[in-house]
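Structural overview
So the chains spell out like this:
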Amino acid sequence: MKILFRSTNREVPEATFKEVIFKGQPEDYGLYMPVFIPSLRRDEIEMFRQKSYTDIATDIIRRFTADEIPLSKLEQMVLDAYNFDVPLQRVHNGFYLLWLTKGPTASFKDFAARILARMMEYFAKEEGRKITVLVATSGDTGGAVASAFYNLENVRVVVLFPYKEVTERQRRQMTTLGGNISAVAVDGKFDDCQAIVKISFNDGALQHLSLTSANSINFGRLLPQMVYYFYAYSRLDAEDVVFSVPSGNFGNLMGGVFAKRMGLPVRRFVVAVNENDEFPNFLQTGNYQPVVPSKECSSNAMNVGHPSNLARLVDLYGGHLTDERDKATGKVIRKGVLKVAPDMERMRNDFVSYSVSEEEVDEVIVRFYKRYGVLVEPHGAVGIKAAEKSGEEPPLVSLETADPAKFPEKIRGLLGIEPPIPPSLAGLDNKKESFEFIGNDYEEFKRYLLNKNFV
Ligand SMILES: *Cc1c(COP(=O)(O)O)cnc(C)c1O
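Notes on the structure follow.

Calculation rules
Residues numbered from 1 in each chain as written. Predicted model: local features only at pLDDT ≥ 70, side-chain atom pairs only at ≥ 80, totals over all residues. Heavy atoms only, no water. Buried < 20%, exposed > 50% of the residue type's maximum accessible area, 1.4 Å probe, protein only. Helix = DSSP H or I, 4+ residues; strand = E, 2+ residues; numbered from the N terminus. Pairing = 2+ DSSP bridges. Core = buried A, V, L, I, M, F, W, Y, C linked by side-chain atoms within 4.5 Å. Contact = heavy atoms within 4.5 Å. Expected span 1.5 Å × (residues − 1). Salt bridge = Lys/Arg side-chain N within 4 Å of Asp/Glu carboxyl O.

**Overview of the pairing of strand 7 (residues 181-186)**
- With six of its six residues buried, strand 7 lies for the most part within the structure.
- Taking every second residue as pointing to the same face, both faces of strand 7 are buried, with I181, A183 and A185 on one and S182, V184 and V186 on the other.
- Looking at chain direction, strand 6 (residues 155-162) and strand 7 are connected through six bridges and run parallel. Within the sheet, the bridge partner assigned to F161 lies in strand 7 and is A185.

Listed below in structure tokens is the structure:
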């Protein structure tokens, strides 16, 4: 059965999975949603207890791609993509940490990027064309995408990052590969990088490059993120489970929400946010107010004041959230306008949400290390603290989304120790870097792209 996708703004025709992967975002600036969500029977979910991560991944993903990617191809993609562990660690009583940090760039972004890369390569080859992925990053996405797409034949990648806002190791993950991966440092903020990417997509003079996006607006990023929720549940001996999800753009959370809609017995999601507290406020009041400008916290991948995937969440609960745009130019006039309210009662039943302060993050990092000997980093600490605040009954699974070695300054400052470097980050500090530095200026970026001789 073929699953089609519609836009949350409902102003464009339905699209196939392949179109959704290539386009990323529909022309009406909405987000693609499956018109039908496949469901699993309880006994199918119970069977996962005997299956490997890769078998579960193939089983979940194929339900959305059945007609468009042959099963044997998908199996191969999944085996190539997930050649690392996904540990579920019991910390105390019914409290667990799911370590989504063992991939090649040591953040959970690897789970999505590694499948998306293989799907794009497959579809590009099928169509006999080369495509160019543009991606703006605030830190981890750039490295994960660069690593996942490295050395593919039919896809090249240009990563834009805010020069002053990424850590040295995050930058090195993007700038030391070369080949089909190009890195551009922008003298601006993450939002400026994202704005440059958006203008590029609508620039006819760049059409010959077949530009596409690997940001989390792409449904191809969400699909692989449903899998580890099924996997974690399959490794617990429990009727149901609560997940605490450290959230920025809500892509990770949406993976879980789709899993629940597919039948996974999730009692509740704890939506864990840093000091960017628009979502807990919304859940409480029913009024949506983006945080502008977003607040800068040490969990830098979650410094988001207006989560791009919130439109999907609201849509799933019967509402309509969209940005108000100038009809002629497409420029955003007002961010995050709630045109139709979602079913708040049902949302409050499925989600609780807590904002976690910097002091609370520090306290968790110190306490987890001293009491349990478990080293966590700021994003994971936000998840843990929110889980604690929720007072939910066990079993509780909190997601750890990055390796502490990505935040050595923080760990050193709080604990006076050097976080152990995982194999995935080893050698990075000595590799040769190469990147272009540009001003915060679209024309400069366009000249760079047009002059570039892509390999
Ligand atoms: C991207 C990221 C997040 C936030 O995930 P979203 O899908 O944007 O909500 C959390 N932690 C880390 C380490 C990340 O890189």
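Alright, that's what it looks like, and here's the rest.
**What about the nonpolar core?**
- One finds F149, F219, F230, F243, L313 and F351 to be the most contacted residues of the largest nonpolar core, which totals 101 residues.
- The leading source of residues in this core is helix 5 (residues 109-127), at ten residues.
- The residues touching L313, leaving out its near neighbours within four places in the chain, are F250, L253, M254, V257, F279, M347 and F351.
- Among the nonpolar cores identified, the runner-up in size contains 25 residues, and V242, V361, I365 and A386 belong to it.

**Overview of helix 15 (residues 358-372)**
- The first and last C-alpha atoms of helix 15 sit 21 Å apart over 15 residues, in line with the 21 Å expected at 1.5 Å per residue.
- Among all positions of helix 15, only E358, V361, V364, I365, R367 and F368 are buried.
- Buried residues in helix 15 make contact with strand 3 (88-92), strand 4 (95-99), helix 16 (378-390) and helix 17 (408-415).
- Looking one or two residues beyond helix 15, the residue adopting positive phi is G373, at roughly 70°.

**As for the pattern of salt bridges**
- Overall, the coordinates contain 31 salt bridges when judged by the stated rule.
- For the salt bridge of E46 with R42, the shortest nitrogen-to-oxygen distance reads 3.6 Å. One end of the pair is E46 and the other is R42, both in helix 2 (residues 42-47) and four residues apart, which spans about a single turn.
- Under the relative-accessibility criterion, R42 is labelled partly exposed at 38%.
- R63 is the salt-bridge partner of D59, the closest N and O atoms lying 2.7 Å from each other. Within this pair, D59 and its partner R63 are both found in helix 3 (residues 53-65), separated by four residues, close to a single helical turn. Exposure class is identical for D59 and R63. Each is buried.
- Each of E44, K51, D59, R62 and R63 takes part in salt bridges that share partners, so that together they form one network.

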